[in-house]
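Chains, contacts and geometry: an overview
This is what each chain is made of:
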Amino acid sequence: MPFAPLQNDTFLRACLRQSTDHTPVWLMRQAGRYLPEYCATRARAGSFMGLATNVDYATEVTLQPLERYPLDAAILFSDILTVPDAMGLGLSFQQGEGPKFAKTVRTEADVDRLAVPDMDRLRYVFDAVTSIRRALDGRVPLIGFSGSPWTLACYMVEGGGSDDYRLVKGLMYSRPDLMHRILAINADAVAAYLNAQIDAGAQAVMVFDSWGGVLADGKFQEFSLAYTRRVLAQLKRTDANGAVVPRIVFTKGGGLWLTDMKDLDCEVLGLDWTVNLGRARALVGESKALQGNIDPNVLFAPPEAIEREVAGVLESFGPPHQGTGQGPTHIFNLGHGISQYTPPEHVKALVDAVHRHSRRLRAA
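We now turn to the structure provided with this report. (Residues numbered from 1 in each chain as written. Predicted model: local features only at pLDDT ≥ 70, side-chain atom pairs only at ≥ 80, totals over all residues. Heavy atoms only, no water.)

Here's the deal with the overall build of the protein
- Looking only at helices and strands, one finds 15 helices and nine strands in the protein.
- Relative to its length of 364 residues, the protein is compact, with a C-alpha radius of gyration of 19 Å against a globular reference of 21 Å.
- Each principal axis of the C-alpha atoms in the protein carries an extent, and together these give about 60 × 45 × 45 Å.
- Residues classed as buried in the protein amount to 59% of the 364 residues present.
- Taking the contacts inside the protein whose residues are at least 6 apart along the sequence as the reference set, 73% of them involve residues at least 24 apart.
- By element, 50% of the accessible surface of the protein is carried by carbon and sulfur atoms, the whole surface being about 14200 Å².
- A gap of 1 Å separates the mean positions of the 37 positive and 40 negative side-chain charges of the protein. (Helix = DSSP H or I, 4+ residues; strand = E, 2+ residues; numbered from the N terminus. Rg over C-alpha atoms; globule rule 2.2 N^0.38 Å. Buried < 20%, exposed > 50% of the residue type's maximum accessible area, 1.4 Å probe, protein only. Contact = heavy atoms within 4.5 Å. Areas by Shrake-Rupley, 256 points an atom, 1.4 Å probe, with all protein chains shown as cover. Lys, Arg positive; Asp, Glu negative; His and termini not counted. Charge placed at Lys NZ, Arg CZ, Asp CG, Glu CD.)

Given below as C-alpha coordinates:
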(Lines give C-alpha, C1' and ligand atoms only; values in the text may rest on other atoms or scores of the structure.)
Protein backbone atom coordinates (compact mmCIF):
# COMPACT_ATOMS: atom_id res chain seq x y z
CA MET A 1 0.00 0.00 0.00
CA PRO A 2 1.54 3.38 -0.94
CA PHE A 3 2.61 5.80 1.76
CA ALA A 4 2.31 9.59 1.78
CA PRO A 5 5.14 11.56 0.13
CA LEU A 6 7.90 12.64 2.50
CA GLN A 7 7.67 16.30 3.56
CA ASN A 8 10.95 16.51 5.52
CA ASP A 9 13.76 14.44 3.99
CA THR A 10 16.58 16.22 5.86
CA PHE A 11 17.57 13.13 7.85
CA LEU A 12 17.69 10.85 4.80
CA ARG A 13 19.65 13.42 2.79
CA ALA A 14 22.22 13.70 5.57
CA CYS A 15 22.49 9.89 5.77
CA LEU A 16 23.29 9.87 2.05
CA ARG A 17 25.89 12.64 2.48
CA GLN A 18 23.82 15.22 0.61
CA SER A 19 23.56 18.86 1.65
CA THR A 20 20.80 20.03 4.00
CA ASP A 21 19.71 23.46 5.20
CA HIS A 22 20.14 22.41 8.83
CA THR A 23 21.67 19.52 10.74
CA PRO A 24 18.93 16.94 11.31
CA VAL A 25 18.33 15.75 14.86
CA TRP A 26 16.64 12.76 16.44
CA LEU A 27 17.34 11.09 19.79
CA MET A 28 18.05 7.53 20.77
CA ARG A 29 15.18 6.38 23.02
CA GLN A 30 13.25 9.54 22.10
CA ALA A 31 9.96 7.81 22.93
CA GLY A 32 10.38 6.84 26.56
CA ARG A 33 9.83 7.29 30.26
CA TYR A 34 10.94 10.93 30.41
CA LEU A 35 7.62 11.82 28.70
CA PRO A 36 4.56 11.80 30.98
CA GLU A 37 2.34 10.87 28.03
CA TYR A 38 4.49 7.78 27.41
CA CYS A 39 4.13 6.73 31.06
CA ALA A 40 0.35 7.14 30.78
CA THR A 41 0.21 4.96 27.66
CA ARG A 42 2.45 2.33 29.25
CA ALA A 43 0.16 2.26 32.30
CA ARG A 44 -2.78 1.56 29.99
CA ALA A 45 -0.80 -1.20 28.26
CA GLY A 46 0.00 -2.83 31.61
CA SER A 47 3.64 -3.71 30.83
CA PHE A 48 6.49 -2.87 28.51
CA MET A 49 5.84 -5.94 26.36
CA GLY A 50 2.13 -5.11 26.35
CA LEU A 51 3.12 -1.74 24.94
CA ALA A 52 5.66 -3.04 22.41
CA THR A 53 3.47 -5.86 21.07
CA ASN A 54 0.32 -3.75 20.61
CA VAL A 55 0.36 -2.02 17.23
CA ASP A 56 -1.85 0.88 18.33
CA TYR A 57 0.14 1.57 21.49
CA ALA A 58 3.49 1.27 19.66
CA THR A 59 2.23 3.73 17.04
CA GLU A 60 0.98 6.14 19.68
CA VAL A 61 4.21 6.29 21.67
CA THR A 62 6.41 6.51 18.55
CA LEU A 63 4.59 9.69 17.55
CA GLN A 64 4.46 11.28 21.01
CA PRO A 65 7.87 13.01 20.88
CA LEU A 66 7.08 14.37 17.41
CA GLU A 67 4.04 16.12 18.86
CA ARG A 68 6.31 17.96 21.31
CA TYR A 69 9.48 18.56 19.30
CA PRO A 70 10.39 19.35 15.66
CA LEU A 71 12.50 16.20 15.30
CA ASP A 72 13.73 15.18 11.86
CA ALA A 73 13.08 11.43 12.18
CA ALA A 74 10.94 8.95 14.07
CA ILE A 75 12.27 5.64 15.35
CA LEU A 76 10.14 2.55 15.72
CA PHE A 77 9.10 1.91 19.33
CA SER A 78 10.27 -1.60 20.10
CA ASP A 79 13.15 -3.31 21.92
CA ILE A 80 16.48 -4.67 20.73
CA LEU A 81 15.64 -8.08 22.26
CA THR A 82 12.60 -8.99 20.18
CA VAL A 83 14.69 -11.36 18.03
CA PRO A 84 15.90 -13.65 20.86
CA ASP A 85 12.40 -13.52 22.32
CA ALA A 86 11.13 -14.89 18.99
CA MET A 87 13.79 -17.62 19.31
CA GLY A 88 11.83 -18.86 22.34
CA LEU A 89 13.93 -17.43 25.17
CA GLY A 90 10.98 -15.76 26.91
CA LEU A 91 11.60 -12.01 27.29
CA SER A 92 10.04 -10.09 30.17
CA PHE A 93 10.44 -6.71 31.86
CA GLN A 94 9.75 -5.95 35.50
CA GLN A 95 8.92 -2.38 36.49
CA GLY A 96 12.16 -0.64 37.46
CA GLU A 97 14.32 -3.54 36.26
CA GLY A 98 16.00 -4.42 33.00
CA PRO A 99 15.06 -7.21 30.59
CA LYS A 100 15.16 -10.84 31.68
CA PHE A 101 15.09 -14.07 29.68
CA ALA A 102 13.39 -17.19 31.03
CA LYS A 103 15.90 -19.36 29.13
CA THR A 104 19.60 -18.77 28.47
CA VAL A 105 22.06 -19.98 25.83
CA ARG A 106 25.17 -21.34 27.58
CA THR A 107 25.71 -24.96 26.58
CA GLU A 108 26.22 -26.92 23.40
CA ALA A 109 22.68 -28.28 23.72
CA ASP A 110 21.33 -24.72 24.04
CA VAL A 111 23.15 -23.69 20.86
CA ASP A 112 21.91 -26.79 19.04
CA ARG A 113 18.33 -25.64 19.72
CA LEU A 114 19.00 -22.12 18.45
CA ALA A 115 17.75 -21.13 14.99
CA VAL A 116 16.74 -18.09 12.97
CA PRO A 117 13.14 -17.56 14.08
CA ASP A 118 10.11 -17.61 11.83
CA MET A 119 9.58 -13.91 11.06
CA ASP A 120 5.84 -14.39 11.53
CA ARG A 121 6.58 -14.49 15.27
CA LEU A 122 7.65 -10.85 14.88
CA ARG A 123 4.63 -9.82 12.83
CA TYR A 124 3.60 -7.36 15.56
CA VAL A 125 6.82 -5.39 14.87
CA PHE A 126 6.27 -5.25 11.12
CA ASP A 127 2.60 -4.32 11.56
CA ALA A 128 3.73 -1.51 13.88
CA VAL A 129 6.22 -0.25 11.27
CA THR A 130 3.46 -0.03 8.66
CA SER A 131 1.03 1.56 11.11
CA ILE A 132 3.59 4.17 12.23
CA ARG A 133 4.58 4.97 8.66
CA ARG A 134 0.93 5.62 7.79
CA ALA A 135 0.36 7.68 10.95
CA LEU A 136 3.41 9.82 10.18
CA ASP A 137 1.71 10.74 6.90
CA GLY A 138 5.04 11.78 5.38
CA ARG A 139 5.98 14.16 8.22
CA VAL A 140 9.47 12.65 8.75
CA PRO A 141 11.22 9.36 7.88
CA LEU A 142 10.85 6.25 10.04
CA ILE A 143 13.92 4.38 11.34
CA GLY A 144 13.78 0.64 12.04
CA PHE A 145 16.38 -1.11 14.18
CA SER A 146 17.80 -4.20 15.83
CA GLY A 147 20.44 -5.09 18.35
CA SER A 148 23.72 -6.32 16.88
CA PRO A 149 24.56 -10.04 16.87
CA TRP A 150 27.10 -9.55 19.69
CA THR A 151 24.79 -7.39 21.83
CA LEU A 152 21.97 -9.92 21.46
CA ALA A 153 24.38 -12.71 22.44
CA CYS A 154 25.33 -10.83 25.62
CA TYR A 155 21.73 -10.85 26.81
CA MET A 156 21.08 -14.40 25.59
CA VAL A 157 24.03 -15.85 27.51
CA GLU A 158 23.78 -13.64 30.60
CA GLY A 159 19.99 -13.95 30.80
CA GLY A 160 19.67 -10.16 31.13
CA GLY A 161 21.89 -7.16 31.63
CA SER A 162 25.33 -7.54 33.20
CA ASP A 163 27.92 -5.49 35.06
CA ASP A 164 30.92 -7.65 34.15
CA TYR A 165 29.85 -9.84 31.17
CA ARG A 166 31.42 -12.75 33.01
CA LEU A 167 29.22 -15.46 31.50
CA VAL A 168 29.27 -14.32 27.89
CA LYS A 169 32.98 -13.53 27.90
CA GLY A 170 33.70 -16.79 29.71
CA LEU A 171 31.91 -18.67 26.95
CA MET A 172 33.70 -16.65 24.28
CA TYR A 173 37.15 -17.45 25.70
CA SER A 174 36.47 -21.08 26.62
CA ARG A 175 34.32 -22.12 23.65
CA PRO A 176 34.87 -19.67 20.81
CA ASP A 177 33.34 -22.24 18.44
CA LEU A 178 30.02 -22.06 20.29
CA MET A 179 30.12 -18.28 20.39
CA HIS A 180 30.71 -18.13 16.64
CA ARG A 181 27.72 -20.41 16.08
CA ILE A 182 25.48 -18.19 18.22
CA LEU A 183 26.69 -15.07 16.43
CA ALA A 184 26.18 -16.53 12.95
CA ILE A 185 22.57 -17.43 13.77
CA ASN A 186 22.03 -14.02 15.33
CA ALA A 187 23.47 -12.22 12.30
CA ASP A 188 21.23 -14.06 9.86
CA ALA A 189 18.21 -13.46 12.12
CA VAL A 190 18.97 -9.73 12.44
CA ALA A 191 19.35 -9.39 8.67
CA ALA A 192 16.01 -11.12 8.03
CA TYR A 193 14.38 -8.99 10.73
CA LEU A 194 15.66 -5.68 9.34
CA ASN A 195 14.76 -6.65 5.77
CA ALA A 196 11.22 -7.38 6.93
CA GLN A 197 11.11 -3.94 8.59
CA ILE A 198 12.20 -2.40 5.28
CA ASP A 199 9.45 -4.33 3.48
CA ALA A 200 6.95 -3.00 6.06
CA GLY A 201 7.96 0.62 5.49
CA ALA A 202 11.14 1.48 7.43
CA GLN A 203 13.07 4.16 5.52
CA ALA A 204 16.40 3.64 7.32
CA VAL A 205 17.66 0.87 9.61
CA MET A 206 20.06 0.98 12.54
CA VAL A 207 22.16 -1.72 14.20
CA PHE A 208 22.72 -1.06 17.90
CA ASP A 209 25.98 -2.64 19.01
CA SER A 210 25.37 -1.46 22.55
CA TRP A 211 27.94 -3.77 24.15
CA GLY A 212 30.64 -3.97 21.46
CA GLY A 213 32.75 -1.60 23.53
CA VAL A 214 33.16 -4.12 26.38
CA LEU A 215 35.34 -6.36 24.21
CA ALA A 216 39.12 -6.42 24.09
CA ASP A 217 40.92 -5.21 20.99
CA GLY A 218 41.04 -8.09 18.54
CA LYS A 219 37.98 -9.70 20.13
CA PHE A 220 35.81 -6.79 19.02
CA GLN A 221 36.87 -7.34 15.43
CA GLU A 222 36.37 -11.11 15.64
CA PHE A 223 33.17 -11.40 17.67
CA SER A 224 31.32 -8.15 17.03
CA LEU A 225 32.46 -6.36 13.90
CA ALA A 226 32.66 -9.49 11.74
CA TYR A 227 29.03 -10.31 12.47
CA THR A 228 27.84 -6.74 11.96
CA ARG A 229 29.47 -7.07 8.53
CA ARG A 230 27.53 -10.29 7.99
CA VAL A 231 24.28 -8.47 8.74
CA LEU A 232 25.09 -5.54 6.45
CA ALA A 233 26.01 -7.85 3.57
CA GLN A 234 22.48 -9.28 3.60
CA LEU A 235 20.48 -6.06 3.95
CA LYS A 236 18.31 -4.67 1.18
CA ARG A 237 19.74 -1.51 -0.32
CA THR A 238 16.40 -0.11 -1.51
CA ASP A 239 12.74 -0.35 -0.60
CA ALA A 240 9.92 -1.58 -2.86
CA ASN A 241 9.81 1.80 -4.61
CA GLY A 242 13.54 1.88 -5.29
CA ALA A 243 14.38 4.47 -2.61
CA VAL A 244 17.75 3.93 -0.93
CA VAL A 245 17.42 2.69 2.67
CA PRO A 246 20.41 4.04 4.66
CA ARG A 247 22.09 1.71 7.16
CA ILE A 248 23.41 3.08 10.47
CA VAL A 249 25.82 1.26 12.79
CA PHE A 250 26.28 2.46 16.36
CA THR A 251 28.86 0.88 18.66
CA LYS A 252 28.85 2.26 22.18
CA GLY A 253 32.48 2.49 23.28
CA GLY A 254 33.62 1.87 19.71
CA GLY A 255 35.66 5.04 19.20
CA LEU A 256 38.91 3.08 19.50
CA TRP A 257 38.04 1.13 16.37
CA LEU A 258 36.92 3.80 13.92
CA THR A 259 39.68 2.85 11.51
CA ASP A 260 38.29 -0.72 11.52
CA MET A 261 34.72 0.50 11.06
CA LYS A 262 35.29 3.11 8.37
CA ASP A 263 35.10 0.48 5.63
CA LEU A 264 31.83 -1.06 6.84
CA ASP A 265 29.22 -1.38 4.10
CA CYS A 266 26.90 1.20 5.64
CA GLU A 267 26.04 4.85 5.12
CA VAL A 268 26.28 6.18 8.69
CA LEU A 269 28.45 5.55 11.75
CA GLY A 270 26.99 6.49 15.13
CA LEU A 271 29.39 7.73 17.83
CA ASP A 272 29.13 7.97 21.60
CA TRP A 273 30.11 11.09 23.54
CA THR A 274 33.73 10.01 24.12
CA VAL A 275 34.65 10.69 20.48
CA ASN A 276 35.62 14.06 19.02
CA LEU A 277 33.58 14.51 15.84
CA GLY A 278 36.31 16.42 14.02
CA ARG A 279 38.85 13.67 14.67
CA ALA A 280 36.29 11.03 13.73
CA ARG A 281 35.60 12.87 10.48
CA ALA A 282 39.33 12.92 9.69
CA LEU A 283 39.70 9.20 10.52
CA VAL A 284 36.62 7.97 8.70
CA GLY A 285 37.15 10.17 5.66
CA GLU A 286 34.54 10.92 3.05
CA SER A 287 32.80 7.56 2.94
CA LYS A 288 30.37 7.90 5.86
CA ALA A 289 27.98 10.35 7.44
CA LEU A 290 28.50 10.64 11.21
CA GLN A 291 25.76 10.53 13.83
CA GLY A 292 25.94 11.75 17.42
CA ASN A 293 27.15 12.52 19.94
CA ILE A 294 26.31 14.83 22.83
CA ASP A 295 26.48 13.40 26.36
CA PRO A 296 22.86 12.62 27.39
CA ASN A 297 23.58 14.11 30.83
CA VAL A 298 23.94 17.53 29.22
CA LEU A 299 20.13 17.49 29.28
CA PHE A 300 20.20 17.90 33.07
CA ALA A 301 21.90 21.30 32.72
CA PRO A 302 19.93 24.54 32.22
CA PRO A 303 18.92 25.55 28.68
CA GLU A 304 21.76 28.05 28.25
CA ALA A 305 24.30 25.32 29.04
CA ILE A 306 22.53 22.92 26.66
CA GLU A 307 22.76 25.54 23.91
CA ARG A 308 26.48 26.01 24.57
CA GLU A 309 27.16 22.26 24.46
CA VAL A 310 25.09 21.83 21.28
CA ALA A 311 27.15 24.55 19.62
CA GLY A 312 30.33 22.78 20.71
CA VAL A 313 29.26 19.48 19.15
CA LEU A 314 28.22 21.11 15.88
CA GLU A 315 31.43 23.12 15.68
CA SER A 316 33.58 20.09 16.48
CA PHE A 317 32.22 18.39 13.34
CA GLY A 318 33.08 21.44 11.27
CA PRO A 319 31.35 22.80 8.18
CA PRO A 320 29.04 20.19 6.65
CA HIS A 321 28.81 19.61 2.91
CA GLN A 322 26.84 22.22 0.99
CA GLY A 323 25.93 22.28 -2.67
CA THR A 324 25.53 19.46 -5.16
CA GLY A 325 26.96 15.96 -5.00
CA GLN A 326 28.09 14.29 -1.79
CA GLY A 327 30.34 15.30 1.07
CA PRO A 328 30.76 15.19 4.86
CA THR A 329 27.44 15.34 6.73
CA HIS A 330 26.34 15.11 10.34
CA ILE A 331 23.17 13.86 12.04
CA PHE A 332 22.83 15.24 15.57
CA ASN A 333 22.00 12.74 18.29
CA LEU A 334 22.85 11.78 21.84
CA GLY A 335 25.88 9.62 22.53
CA HIS A 336 23.50 7.01 23.98
CA GLY A 337 19.84 6.77 24.99
CA ILE A 338 18.00 9.56 26.77
CA SER A 339 17.60 9.16 30.54
CA GLN A 340 14.14 8.61 32.00
CA TYR A 341 14.81 11.49 34.42
CA THR A 342 15.39 14.09 31.67
CA PRO A 343 13.17 17.20 31.91
CA PRO A 344 11.05 17.25 28.72
CA GLU A 345 11.49 21.00 28.30
CA HIS A 346 15.26 20.51 28.14
CA VAL A 347 14.81 18.25 25.11
CA LYS A 348 12.99 21.10 23.36
CA ALA A 349 15.90 23.40 24.21
CA LEU A 350 18.32 20.92 22.62
CA VAL A 351 16.32 20.32 19.42
CA ASP A 352 15.71 24.02 18.90
CA ALA A 353 19.40 24.81 19.53
CA VAL A 354 20.52 22.22 16.95
CA HIS A 355 18.28 23.69 14.26
CA ARG A 356 19.09 27.30 15.10
CA HIS A 357 22.86 26.96 15.47
CA SER A 358 23.31 24.63 12.48
CA ARG A 359 21.49 27.10 10.24
CA ARG A 360 23.69 29.88 11.60
CA LEU A 361 26.84 27.87 10.82
CA ARG A 362 25.73 27.31 7.23
CA ALA A 363 25.05 31.01 6.77
CA ALA A 364 28.48 32.03 8.12
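There is more to say after this.
Some thoughts on helix 9 (residues 166-174)
- Turning to helix 9, its buried residues are V168, L171 and M172. Angular distribution of buried residues about the axis of helix 9 spans 100°; they occupy a single face of the element. Exposed side chains of helix 9 directed beyond 90 degrees from the buried face belong to R166 and S174.
- Looking at the buried positions of helix 9, the neighbouring elements they touch are helix 8 (149-158), helix 10 (176-200) and helix 11 (219-234). (Arc of directions from axis to C-beta.)

Looking at the packing of aromatic side chains
- Summed over the entire model, instances satisfying the criterion amount to eight aromatic pairs.
- Aromatic side chains Y165 and W211 sit 5.7 Å apart centroid to centroid with 50° between the ring planes, which places their arrangement in the tilted category. Highlighted residues: Y165 in the loop between helix 8 and helix 9 and W211 in the loop between strand 5 (204-209) and helix 11, separated in sequence by 46 residues.
- On the basis of relative accessibility, which here comes to 8%, the residue Y165 falls in the buried class.
- On the basis of an interplanar angle of 10° and a centroid distance of 4.1 Å, the ring pair of F220 and W257 is categorised as stacked. (Phe/Tyr/Trp six-rings, centres within 6.5 Å; stacked < 30°, edge-to-face > 60°.)

Details of the nonpolar core
- One finds F11, M179 and L350 to be the most contacted residues of the largest nonpolar core, which totals 129 residues.
- Sort the elements by how many residues they give to this core and helix 10 lands first, with 15 residues.
- When near neighbours in sequence (up to four residues on either side) are disregarded, M179 contacts W150, A153, V157, V168, L171, M172 and F223. (Core = buried A, V, L, I, M, F, W, Y, C linked by side-chain atoms within 4.5 Å.)

Quick look at the packing of helix 9 against helix 10
- For the pair helix 9 and helix 10, the least separation of the axes is 5 Å and the interaxial angle reads 115°. Two secondary-structure elements touch here, helix 9 through V168, L171, M172, Y173 and S174 and helix 10 through P176, L178, M179 and I182.
- Here the residues of the contact of helix 9 with helix 10 sort into eight nonpolar, one polar and no charged. (Axes fitted to C-alpha atoms, helices over the stretch in contact; angles between N-to-C directions. Nonpolar A, V, L, I, M, F, W, Y, C, P; charged D, E, K, R; others polar.)

Observations concerning unusual backbone geometry
- In this structure, the amide linkage connecting G292 to the following residue, N293, adopts the cis form with an omega of -5°.
- One non-glycine residue, Y165, lies in positive phi territory at about 55°.

Focus: the environment of G255
- Tracing the chain through its elements places G255 in the loop between strand 6 (247-251) and helix 12 (258-261).
- As for G255 and T274, which are separated by 19 residues in sequence, their C-alpha atoms are 7.3 Å apart.

Topic: helix 14 (residues 303-317)
- Here helix 14 is 15 residues long and its end C-alpha atoms lie 22 Å apart, about the 21 Å a rise of 1.5 Å per residue gives.
- Taken together, the buried positions of helix 14 are occupied by A305, I306, V310, A311, V313, L314 and F317.
- Contact partners of the buried residues in helix 14: helix 13 (277-284), strand 8 (289-294), strand 9 (330-334) and helix 15 (344-363).
- Phi turns positive one or two residues past the end of helix 14, at G318, with a value near 95°. (Expected span 1.5 Å × (residues − 1).)

Digging into the sheet that holds strand 9
- If you trace the seven strands from one edge of the open sheet to the other, you get 1-4-5-6-7-8-9, paired in parallel fashion. Two strands bound the open sheet, and with one partner strand each, they are strand 1 (74-75) and strand 9.
- By the bridge criterion, two bridges tie strand 1 to strand 4 (residues 142-147) in an arrangement that is parallel. What sits directly across from I75, in strand 4, is I143. (Pairing = 2+ DSSP bridges.)

Comments concerning the state of the cysteines
- Counted under the stated rule, the structure contains zero disulfides.
- Here C15 is not disulfide-linked; the sulfur of C266 is the nearest cysteine sulfur, at 10 Å. (Disulfide = S-S within 2.5 Å.)

Looking at the side chain of N186
- Mapping N186 onto the fold places it in helix 10.
- Excluding residues that lie within four positions of it along the chain, N186 makes contacts with M87, P149, L152, A153 and M156.

Looking at the pattern of salt bridges
- What the rule picks out here adds up to 17 salt bridges.
- In this structure, R68 and E37 form a salt bridge, with 2.7 Å as the shortest nitrogen-oxygen distance. In this pair, R68 sits in helix 4 (residues 55-68) while E37 sits in helix 2 (residues 36-45), placing the two residues 31 residues apart along the sequence.
- By relative accessible area, R68 is classed as partly exposed at 35%.
- For R175, the salt bridge identified is with D177, shortest N-O distance 2.8 Å.
- On the basis of relative accessible area, R175 is assigned to the partly exposed category, the value being 27%.
- On the accessibility criterion, D177 (39% relative accessible area) is partly exposed.
- Linked by salt bridges that have partners in common, E108, D112, R175, D177 and R181 make up one network. (Salt bridge = Lys/Arg side-chain N within 4 Å of Asp/Glu carboxyl O.)

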